[in-house]
Amino acid sequence: MELAVSYEDSQVLLKDKNVLQDSVVDKYRTAGQISQTALKYVTGLINDIYHYKTIETPLTISEICLLADSFIITRLEQYYKNKVNERGIAIPTSIDVDQLASGWSPEIDDVKNLKNWNKEITSEEDPLNSSVTGLLKVGDVVKITLGVHIDGYTSEVSHTMVIYPTSTNETGAIVPAGPLLDVKADAIAANHIAMETVVALLACALTPEKLPASLGTAVTGQLIRHIVNTVARSYNCAVVPGSRVRRIRRFLAGQNEGIVAEREYKGVVWTESHQEAELLANSDVKDLAVATNSSRSVPSAIPVDDFTVNSGEVYMIDLKMVPVGHSTKKGLVTLDVVDSAQGKSHRKNELVARSGIFVRDFAQSHALKLKTSRKLLTNIDRNGVYPFKLSHLSENFPIVQDKDYNEQIAALDKDLKSFRLGMSEILNNYLCVESPIEVAKWVPWEHILKGSNQNGALSYDATATLTLPGHEVPLPKLGIASLKLKSLMKSCPETIDLPVVRECTTVVLCDSDVSSGDKPELLRLTGGSKTSQPSWIQSKLELNSEDSTVQGIFQLATLVKDKRFGLVIRETQPMKQVVNQGSKENNGMEL
Amino acid sequence: MPSKNSINRPKLTTNVRSKQQKLARKRDQRERAGHFNQARSADGSRSGEARSVALDLYFGKEDTTARRDQSHRGGLTNKTLSKKRSQKIERNLKYAQKRKLLTDVQAQLENNDEDSMSVDSGNKNITRKQEIQQAKTIKNNMSLIREALWSALDDTSSQGLTLATGQGTTLGGAYFP
């Protein structure tokens, strides 16, 4: 269904409100500042618990998520109060460990359930153990994702941390015992380099004459994809489906991808079909490999690489990578959705969980029967178009410092009980959609090619996760639909989980009229050297400096360092007096 | 259903229902008036052509005339094709084919009067053959792609793409960022 919005209104909403003015940039910057501070807060908490060990009873993942969201809300209170209609959490804080790719943000009442549902996962070595117990362990790759919006101007951030064994150095400070060495290190290196390169590349879009000659003359979608793929390949990694480098606009920050088809989608997305196309391009049958749906006359909701990055736009760079060096075989990297609905008894070593994050689907309407659910829906609708967690709707949210922590948690837990009841009716009538918890899987191509596929792409998966328009069929050349792919994934004994590394940042391409200096500059809202420093890793692999693309990447890196003639990149800093490296009593919060 | 004045009338249900019905009526009106349609100048516009939902569904064409359906591609729809209707379409297609054959034959008869008998059976064979041929080419295409993928797998499994000769990459340092 399409909502009837008049042409003039849609022009105002989509065009005028997205023109970068000082007021708009300031909203973006404030949102970025708060997300940076919140990220610093979460990393500080995790460091305190697992590295400095200043907090005795460790907080579980669900508690950290809740505290981070409370922190964001409390911080937001100070900015743009009564000046804008909407401001809040753009994406609830989620903390994904190892093979979880996105969406792990359990509520506090889920802790007991998770242990009950996953009785098979008890051993300490099982990588899923950390997610089930909510407590991290040494060697875990932890992805923190959060976001803030002010008046729809959104900044999102993801950062990857590693939990180290600790030792004390000669000055008495607690330091990591050594760098991370295994395949996870490759993925972290690749992701970091790819992220920094793409940021520099987007900065080049402001001054195209500075773009290294080996990379072409303009910053296009193809170039971004080529560079990210090159970096991933040289570190023996694969880009996980669902990664994207996309333009964001007011209230259109990718939070409703798959639910709402966004007109004029501009961005590079990575899906299974791109892995298929890349493999086909390697084969000698060249005429089959030309399957680009490039050249389009009208802007559509189908993402294609055929675009040029312009100044005055805002981009979100969300890259996820997995190491694929465990085997010499080639395989497809895909995502499996965790659910709590089916096959609890026979699935061994597979995670059973329910999603904690929901998105309202405003196209649906239904008269709900229960009073609880009607009340809840009113509450949800007040929340706006961004994803939410049930605890956000409670009156006992946010958790504040000057009240007793355990009492607040108990009150929240009580509220959640009635919310769960209401939410089930809302979900059953499709008024809200669960945002999926995804696990990265690797399936050997052999298995996919050997399997018969009688129905072709016609088999339809009603429970399929949110897909972008034009990418409903994961492997279009082979004609394998998502349902078939799922069954292939389940039936193959060689399928394994892969640890995912994720970095996400939001950048504003400021023209000279809104930049702080007189030159056009790239304003990096989130991430960067202050909050998203890479963890200590040592990878055996490196970039091949004889490759022309890699030379271009190196040139970009030198351009970023050059203050006078190079690219101007400014980073939003987290606020001062951020993290009180505190103890459990005040939960390390300075609210 | 209790009357409007009765003591236990469900106020909300009736009100909501009537409101929804009102809205639905308005929406239908707007749709019938063509407010949701694409502009006639648009690429996907099928303005002026005969329009049938059933035929669109049968041939797997998406309905491009109504713009509102674009947003729900791949999602839920209320447009269905009954078995009876699809059988009718199939039957009509058969008739159409026969009619076409007939006109072909007549045209050929007008062109050359001899060997009128062989044309009929010959044409029938061709259509059947064509069908088989089509099915074969589809299959061939798929197997070609499969072969290409197999060859790509064989090619690259031996070849090392990565470089592990140098001193590698180190990021970060001995501190907790």
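Here the structure is shown first, and the text comes after it.
Conventions used here
- Positions within a chain are numbered from 1, following the residues in the order the chain's sequence is written.
- Labels are handed out in written order, letters beginning with A for the chains and numbers beginning with 1 for the ligands.
- Reporting of local features is limited, given that this is a predicted model, to residues whose pLDDT is at least 70; pairs of side-chain atoms are given and counted only at 80 or more, and all residues count toward the totals for whole chains, interfaces and linings.
- Values shown for side chains rest on all heavy atoms present in the structure; no hydrogens or waters enter the calculation.
- Each helix is a run of H or I in the DSSP string that is no shorter than four residues. Each strand is a run of E no shorter than two, and both are numbered from the N terminus.
- Expected span of a helix: the number of residues minus one, times 1.5 Å.
- Throughout, exposure labels follow a simple rule: accessible area from a 1.4 Å probe, protein chains only, divided by the maximum for the residue type, with under 20% read as buried, over 50% as exposed, and the rest as partly exposed.
- Two strands make a pair as long as DSSP finds a minimum of two bridges between them.
- Residue contacts are defined here by distance: any two heavy atoms, one from each residue, within 4.5 Å place the two residues in contact.
- Between the N-to-C directions of two axes lies an angle of 0 to 180 degrees, each axis being a line fitted to C-alpha atoms and, for a helix, fitted only over the stretch in contact.
- Take a side-chain nitrogen of Lys or Arg and a carboxyl oxygen of Asp or Glu: if they are within 4 Å of each other, that pair is a salt bridge.
- Any two of the Phe, Tyr and Trp rings considered here, Trp counted by its six-membered ring, make a pair once their centres fall within 6.5 Å; the pair's planes then place it as stacked at under 30 degrees, edge-to-face at over 60, or tilted in between.
- Throughout, nonpolar core names a set of buried Ala, Val, Leu, Ile, Met, Phe, Trp, Tyr and Cys residues whose side chains join them through atoms within 4.5 Å.
- Residues form patches when they are more than 30% accessible in relative terms and have no salt bridge. Like charges link within 9 Å. Nonpolar side chains (Val, Leu, Ile, Met, Phe, Trp, Tyr) link within 5 Å.
- Accessible areas in this description were obtained via Shrake-Rupley with a 1.4 Å probe; residue shielding takes into account the shown protein chains only.
- Only four residue types enter the charge count: Lys and Arg as positive, Asp and Glu as negative, with His and the chain ends excluded.
- Charge coordinates come from a single atom per side chain, which is NZ of Lys, CZ of Arg, CG of Asp or CD of Glu.

**Q** Looking at this structure, how should I read helix 6 (residues 183-204) of chain A?
**A** An α-helical segment advances 3.6 residues per turn. Residues three or four places apart therefore align on the same side. For helix 6 of chain A, built from 22 residues, the straight-helix expectation of 32 Å at 1.5 Å per residue is met to within 8% by its first-to-last C-alpha distance of 32 Å. For helix 6 of chain A, the tally of buried residues reaches 20 of 22 residues, placing the bulk of the element in the interior.

**Q** I keep staring at the sheet that holds strand 13 (residues 388-389) of chain A and nothing clicks. Help me out?
**A** Two orientations exist for strands paired in a sheet by backbone hydrogen bonds: parallel and antiparallel. All names here are of chain A. Pairing is antiparallel across the open sheet formed by 3 strands, whose spatial order is 13-12-14. Because the sheet does not close on itself, it has two edges, and the strands there are strand 13 and strand 14 (432-434). Sheet topology note: the strand 12 (residues 357-360)/strand 14 ladder contains 3 bridges and is antiparallel. Note that in strand 14 the partner of Val359 across the bridge is Val433. Here helix 10 (residues 405-428) sits on the sheet in contact with strand 12, strand 13 and strand 14, set at roughly 100° to strand 14.

**Q** What exactly am I supposed to notice about the pattern of salt bridges here?
**A** Where charged atoms from two side chains of opposite charge come close, those side chains can pair. Residues and elements named next belong to chain A. Counted under the stated rule, the structure contains 25 salt bridges over all chains. Residues Asp109 and Arg420 are paired through a salt bridge, measuring 3.1 Å at the closest nitrogen-oxygen approach. Placement of Asp109 in the loop between strand 2 (100-102) and helix 4 (110-117) and of Arg420 in helix 10 is noted, with a sequence separation of 311 residues between them. On the basis of relative accessibility, which here comes to 18%, the residue Asp109 falls in the buried class. In this structure, Arg247 and Glu313 form a salt bridge, with 3.9 Å as the shortest nitrogen-oxygen distance. One end of the pair, Arg247, is in strand 8 (residues 244-248); the other, Glu313, is in the loop between helix 8 (272-282) and strand 10 (314-323), and 66 residues separate them in sequence. Comparing Arg247 with Glu313 shows no difference in burial state: the two are buried.

**Q** Just to check I follow, could you spell out the environment of Ala42 of chain B for this structure?
**A** All names here are of chain B. With respect to the element layout, Ala42 can be found in the loop between helix 1 (11-33) and helix 2 (53-59). On the accessibility criterion, Ala42 (28% relative accessible area) is partly exposed. Distance from Ala42 to Asp154, taken between C-alpha atoms, is 47 Å for residues 112 residues apart in sequence.

**Q** What is the right way to look at the packing of aromatic side chains in this model?
**A** For any two aromatic rings, the description comes down to two numbers: the centre-to-centre distance and the angle of the planes. Taken as a whole, this structure holds 7 aromatic pairs over all chains when the rule is applied. Ring geometry for Tyr28 of chain A against Tyr153 of chain A: centres 5.1 Å apart, planes inclined by 65°, an arrangement best described as edge-to-face. With Tyr28 of chain A in helix 2 (residues 22-51) and Tyr153 of chain A in strand 4 (residues 153-162), this pair connects stretches of sequence that are 125 residues apart. A single burial state applies to Tyr28 of chain A and to Tyr153 of chain A, both of which are buried. With a centroid separation of 5.7 Å and 85° between ring planes, the pair formed by Tyr52 of chain A and Phe176 of chain B is classed as edge-to-face. In this pair, Tyr52 of chain A is assigned in the loop between helix 2 and helix 3 (61-76) and Phe176 of chain B in the segment after strand 1 (169-171), connecting two distinct chains. The partly exposed category is assigned to Tyr52 of chain A, whose relative accessible area is 30%.

**Q** Before we go on, may I ask you to explain the nonpolar core in this structure?
**A** If you look at soluble globular proteins, the nonpolar side chains tend to sit buried side by side. Judged by nonpolar contacts, the single largest core of 67 residues is most densely connected at Val42, Ile46, Met423 and Ile426 of chain A. In terms of residue count, helix 2 of chain A provides more of this core than any other element does, 10 residues in total. Apart from the residues lying within four places of it in its own chain, the contact partners of Met423 of chain A are Phe358, Leu376, Ile380, Phe388, Leu390 and Cys432 of chain A. Residues Ala232, Tyr235 and Val550 of chain A together with Leu171 of chain B belong to the second largest nonpolar core, which totals 57 residues.

**Q** Teacher, can you tell me more about the side chain of Ser70 of chain A here?
**A** Assignment of secondary structure puts Ser70 of chain A in helix 3. Setting aside residues no more than four positions away along its own chain, Ser70 of chain A makes contact with Phe397, Pro398 and Ile399 of chain A.

**Q** Help me out: how do you make sense of a positive patch on the surface in this one?
**A** All names here are of chain B. Together, Lys19, Lys22, Arg25 and Lys26 give the surface a local cluster of positive charge. The topology assignment puts Arg25 in helix 1. What makes Arg25 exposed here is its relative accessible area of 54%.

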